[in-house]
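Structural overview for review
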Amino acid sequence: MTYKTEQRNLLLNFLQNNPDTMFSASQIEQALSSENISRSAVYRNLAELEANNKIKRCAKTGSREVFYQYYDTQNCKNHIHLSCTKCGKIFHMANTIADVIVNDVETSEGFEINRGETTIYGVCKDCHSQNFSSTEKLSS
């Protein structure tokens, strides 16, 4: 049996208010430092929220840290996610593109993709254009 605590509510509210970003436990602890939530309470509540499918846990390429993201919406569970390795934002892939990818993989590989659990890592257009603009300025 689970019960809601004030600390769990604060943590869940923080993640709900930032659904397109993945956070490490230390980033969450830092963001909620004014609320006096201990590190052990952060980890304990993250584990409980993950067990209840309210959040999902994943790793970023090139990092040993574990990251957490709010995940308790049906809309999110039906999308392939795109994660920017520069800014950390997460986007839903357009269903028309995801359908093509999923169908191609299922047809050619006989492999069924779980959309809500699939994340593709790369650089978003905003970060890509910032890098391009910086490179342009250097070459001028």
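Residues numbered from 1 in each chain as written. Predicted model: local features only at pLDDT ≥ 70, side-chain atom pairs only at ≥ 80, totals over all residues. Heavy atoms only, no water.

The next point concerns unusual backbone geometry. In this model, Asn-36 sits at a positive phi of 60 degrees, which is unusual for a non-glycine residue. Structurally, Asn-36 is set in the loop between α2 (25-31) and α3 (39-51). Even without a glycine there, the phi angle at Asn-53 is positive, about 55 degrees. Examined against the element boundaries, Asn-53 turns out to sit in the loop between α3 and β2 (55-59). (Helix = DSSP H or I, 4+ residues; strand = E, 2+ residues; numbered from the N terminus.)

Summed over all chains, the structure comprises 3 salt bridges. Ionic pairing is found between Arg-57 and Glu-50, a salt bridge with its closest N-O pair at 3.1 Å. In this structure Arg-57 comes out as partly exposed when scored by relative accessible area, which is 48%. Given a relative accessible area of 24%, Glu-50 falls into the partly exposed group. Across the pair Arg-115 and Asp-99 runs a salt bridge whose closest N-O atoms are separated by 2.6 Å. A residue pair is termed long-range when its members are at least 10 positions apart, and Arg-115 in the loop between α5 (95-109) and β6 (119-122) and Asp-99 in helix α5 qualify at 16 residues. (Salt bridge = Lys/Arg side-chain N within 4 Å of Asp/Glu carboxyl O. Buried < 20%, exposed > 50% of the residue type's maximum accessible area, 1.4 Å probe, protein only.)

Quick look at the sheet that holds β2 now. Reading across the sheet, the 3 strands line up as β1-β3-β2 and stay open at both edges, with antiparallel pairing between neighbours. In this open sheet, the two strands that pair with only one neighbour each are β1 (23-24) and β2. Relative to strand β3 (residues 66-70), β2 is paired through 5 bridges, and the arrangement is antiparallel. Looking across to β3, one finds that Cys-58 is bridged to Phe-67. Across the sheet, helix α1 (residues 6-16) lies against β1, β2 and β3, angled at about 80 degrees from β3, the strand it touches most. Here α3 sits on the sheet and contacts β2 and β3; the angle it forms with β2, its principal contact strand, is near 110 degrees. (Pairing = 2+ DSSP bridges. Contact = heavy atoms within 4.5 Å. Axes fitted to C-alpha atoms, helices over the stretch in contact; angles between N-to-C directions.)

Right, let's get into the sheet that holds β6. Strand pairing in a sheet takes place through backbone hydrogen bonds and is either antiparallel or parallel in direction. In space, the 3 strands of this open sheet follow the order β5-β4-β6, with mixed pairing throughout. Where the open sheet ends on each side, the last strands, each with one partner, are β5 (90-92) and β6. Here the average twist between neighbouring strands, direction ignored, is 25 degrees. Both strand β4 (residues 81-84) and β5 contribute to a ladder of 3 bridges, which runs antiparallel. Each residue of the ladder has a partner; that of His-81, found in β5, is His-92.

Now for a nonpolar patch on the surface. Residues Ile-97, Ile-101 and Ile-120 make up a contiguous nonpolar surface patch of roughly 220 Å² in combined accessible area. Its place among the elements puts Ile-101 in helix α5. (Patch = residues over 30% accessible without salt bridge, like charges linked within 9 Å, V, L, I, M, F, W, Y side chains within 5 Å. Areas by Shrake-Rupley, 256 points an atom, 1.4 Å probe, with all protein chains shown as cover.)

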